[in-house]
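Residue-level structure breakdown
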Amino acid sequence: MFRSSFAPYGRSRTLQVLFSFLVICTLLSTVRLYRRQPPPPSIYDYTDGKTRGAQQNDTSATRPLSDETLYLRYLVKKYGLTNEIPWFARRIRLQFAAKARKSMTEVSGSKFLYRDFQRVRTDDERLDLHAEKSVTLSVTKSATPDQVDASSLLFGISTSFDRLTYGNSSLIHDWARWLTDGKGVPNGASLVLTLHRATDSEVSHISSKLRSIGIDAIVLPAEEAQDSTARYLDLVHLLSRRKDELLTEEYEKKYLALVDDDVFFPSLGKLLSRLSKYSPRKKFYLGLPSEQADWTVENDVTLTYGGGVVFLTPPMADAVSKLPCLNTTAPSSAARAESKRGQWDAMLYTCIATHTSSQLHILPSLSTPLSPQTGAAYTSDVQPLTLHHYKQRHRFEAGKAHLLTSLCGEDCFLQRFFFRDDGWVLVAGHSISAYPDGVAIEPAPLTDRDPENKVGERLVLAAQPVPADRKLVSWAGAKRTWRLLDSRAGLDGAVWQAYVRHRGSAAAYADEDDRLPEDDTVHTLEGPADVDSVVVLIWER
């Protein structure tokens, strides 16, 4: 009775509650949807004929950053450059049309600086940089590192664990440019490396590191009591034995080299061509001085002992290893006095000159007593076979500069280009220079050998290959220089280079070639800059 009396009223009440709940939910949904709608565009959103609504802003925020923007931000972070920075970039298209490497390749019809530097802030979220204009440069067709077969070469180096691990193992990465194909594969050359005062774990670490980047090497601990000179003399024995071991494995080494750890071979193809003139079946003793600093004058006689680079043919290495001066634990004080310099190449020269009639054949690079440098060492017109003490003397990052040769060949290393329309000079891989007060490219004057300049009678100087049309860069006033800072290879094979002009005084970053003589009244040092500035070059085929 209770149920039949009240059931109709209960159902009606339940329906009213449900209906009210649905109405409230509908109203709440409408209010929330209204609040999510973007407001009508303001007049300030209509800029340059564009409406920047909420959806458009979201799209632009997720737009991929350009490679140029990412690279500049990387440079600023890695090298501690100023956040506000003048920036300029251009693309370079390579044309392999030149018949020979010229002293100076002139570029007409295109300015280097086709627009002014763009001053940007790298923390600007809207930063969008692009290298928009390209210029074509003509180069010769020459060997790239992966086209060079260096299987006839066996190198010997003695150094320390600390030197090899310093600066993120920068020396080892430099070695990889001339001991591999540039892509992590051995180029055929072999290395015997001894480490001074190294533990077993340090020897193992360096051995693994070399192997991981494609360098074929055996790493050995050097005797702790030996100094640098004794270690290098001991390397003659090690190289002689190693070439015999390799010969049993049918790997013939034709030229054995002792080199300082900071020697760089930028033109390995040309080096092999020059070495081929000396038969590996005969006794030959060769030195490869790099520049003027690798020569010395003693008793009015100009000498070099090899400039930290000495090559021996196998018969010569076997003969030298049997000399009495190389069969002691360490050179005697009398032998050191004879050498007058105490360097290993000087000691080796003294030993060979004392006990044999062999001559030292010189394969010159940048300078000889017969052919002086035309200007600063690395901005002259000579293609070097070797670079010696390149970081110490010139603050030069040879490995980074050499990356370009994987794209354009070894001939374009340090090749000079003059942009006639605005007077800028590019030395590929080294520097970019502007001359606000004017510049001219002039024929280099002929220099006759000074008859009073005597060369050591044991030295046999090979001809130095130099361009026929030697040119000099002549200017007055200041010179502004951007030096190579960084180099990277893109996934498409392009090579990206960054050149920097640091803030502050230019003298603080100059090398020994940039220092002006006190009596120089023609040239002046450039004034200090308030910020760093960067030039990016993107080299493409």
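Refer to the preceding data block for the structure.
As a starting point, this report considers the structure included with it. (Residues numbered from 1 in each chain as written. Predicted model: local features only at pLDDT ≥ 70, side-chain atom pairs only at ≥ 80, totals over all residues. Heavy atoms only, no water.)

**Overview of the environment of D422**
Here is the rule we go by: Numbering of helices and strands runs from the N terminus; a helix is a DSSP stretch of H or I covering at least four residues, while a strand is a stretch of E covering at least two. Residue contacts are counted whenever heavy atoms from the two residues lie within 4.5 Å of one another.
Structurally, D422 can be placed in the loop between β18 (416-419) and β19 (424-427). For the pair D422 and G109, spaced 313 residues apart in the sequence, the C-alpha separation amounts to 9.9 Å. Among residues more than four places away in sequence, those in contact with D422 are K111, F112 and L113.

**As for the environment of P384**
Inspection of the secondary structure assignment puts P384 in the loop between β16 (360-362) and β17 (387-388). Between the C-alpha atom of P384 and that of P289, which follows or precedes it by 95 residues, the distance is 10.0 Å. Setting aside chain neighbours within four positions, we find P384 in contact with P266, S267, S365, L366, F413 and L414.

**Here's the deal with helix α4 (residues 161-179)**
Put simply, the rule is: To estimate how far a helix should extend, the number of its residues minus one is multiplied by 1.5 Å. Note that the bend at a residue is defined as the angle between axes fitted to the seven residues ending at it and the seven residues starting at it. Relative accessible area decides the class of each residue, using a 1.4 Å probe on protein chains only: under 20% of the type maximum gives buried, over 50% gives exposed, and in between gives partly exposed.
Taking 1.5 Å as the rise per residue, α4 with 19 residues should run 27 Å; its terminal C-alpha atoms sit only 19 Å apart, a clear shortfall. In the structure, α4 departs most strongly from a straight axis at G167, where the bend amounts to approximately 110 degrees. Buried within α4 are the following residues: F161, L164, S169, S170, L171, I172, D174, W175, A176, R177, W178 and L179.

**Concerning the packing of α4 against helix α5 (residues 200-212)**
As a reminder of what qualifies: To obtain an axis, a line is fitted to C-alpha atoms, over the contacting stretch when the element is a helix, and the angle between two such axes runs from 0 to 180 degrees between their N-to-C directions. Here the angle decides the label: under 35 degrees means roughly parallel, over 145 means roughly antiparallel, 65 to 115 means roughly perpendicular, and every other value means oblique. Crossing chirality is assigned from the near helix's rotation relative to the far helix, an anticlockwise turn below a right angle marking it left-handed and a clockwise turn marking it right-handed.
At a closest axis distance of 11 Å, the pairing of α4 and α5 adopts a crossing angle of 20 degrees. Taken as axis vectors, α4 and α5 run roughly parallel relative to one another. In this structure, α4 crosses over α5, and the sense of that crossing is right-handed. Two secondary-structure elements touch here, α4 through F161, L164, T165, S169, I172, H173 and W175 and α5 through E202, H205, I206, K209 and L210.

**Points about the nonpolar core**
Nonpolar side chains in soluble globular proteins tend to be buried together. Just so we agree on the cut-off: What we call a nonpolar core is a set of buried Ala, Val, Leu, Ile, Met, Phe, Trp, Tyr and Cys residues that are connected through their side-chain atoms within 4.5 Å.
Residues F155, F311, L348 and W539 are the most contacted members of the largest nonpolar core, which totals 118 residues. By residue number, the principal contributor to this core is α4, which donates eight residues. Setting aside chain neighbours within four positions, we find F311 in contact with L153, F155, Y255, L256, A257, F265, L271, L275, F284, Y285, L286 and L288. Core analysis: the second largest hydrophobic core is formed by 20 residues, L72, L81, W87 and V120 among them.

**What to know about helix α10 (residues 344-355)**
Its twelve residues place the ends of α10 17 Å apart at the C-alpha level, agreeing with the 16 Å of an ideal helix rising 1.5 Å per residue. Burial within α10 is extensive, with nine of its twelve residues counted as buried. All buried positions along α10 are accounted for by W344, D345, A346, M347, L348, Y349, T350, C351 and I352.

**Quick notes on the pattern of salt bridges**
Two side chains with opposite charge may pair up if their charged atoms get near one another. For clarity, the cut-off: The working definition used for a salt bridge is a side-chain nitrogen of Lys or Arg within 4 Å of a carboxyl oxygen of Asp or Glu.
Taken as a whole and assessed by the stated rule, the structure comprises 23 salt bridges. Linking E245 and R242 is a salt bridge whose minimum nitrogen-to-oxygen distance equals 3.1 Å. Note that E245 and R242 are positioned in helix α6 (residues 228-248) at a spacing of three residues, about one turn of the helix. Relative accessible area serves as the criterion here: at 15%, R242 is assigned to the buried category.

**Re the state of the cysteines**
Spelled out, the test is: The disulfide criterion used throughout: a pair of cysteine sulfur atoms within 2.5 Å.
Taken as a whole and assessed by the stated rule, the structure comprises two disulfides. Disulfide partner of C325: C351, at an S-S distance of 1.7 Å. Across the S-S bond linking C325 and C351, the dihedral sits near 65 degrees, which makes this disulfide right-handed. Linking C325 in the loop between α8 (314-320) and α9 (333-339) with C351 in helix α10, this pair joins segments that are 26 residues apart in sequence. If one numbers only the bonded cysteines of the chain, in the order they occur, the disulfide pattern is 1-2, 3-4.

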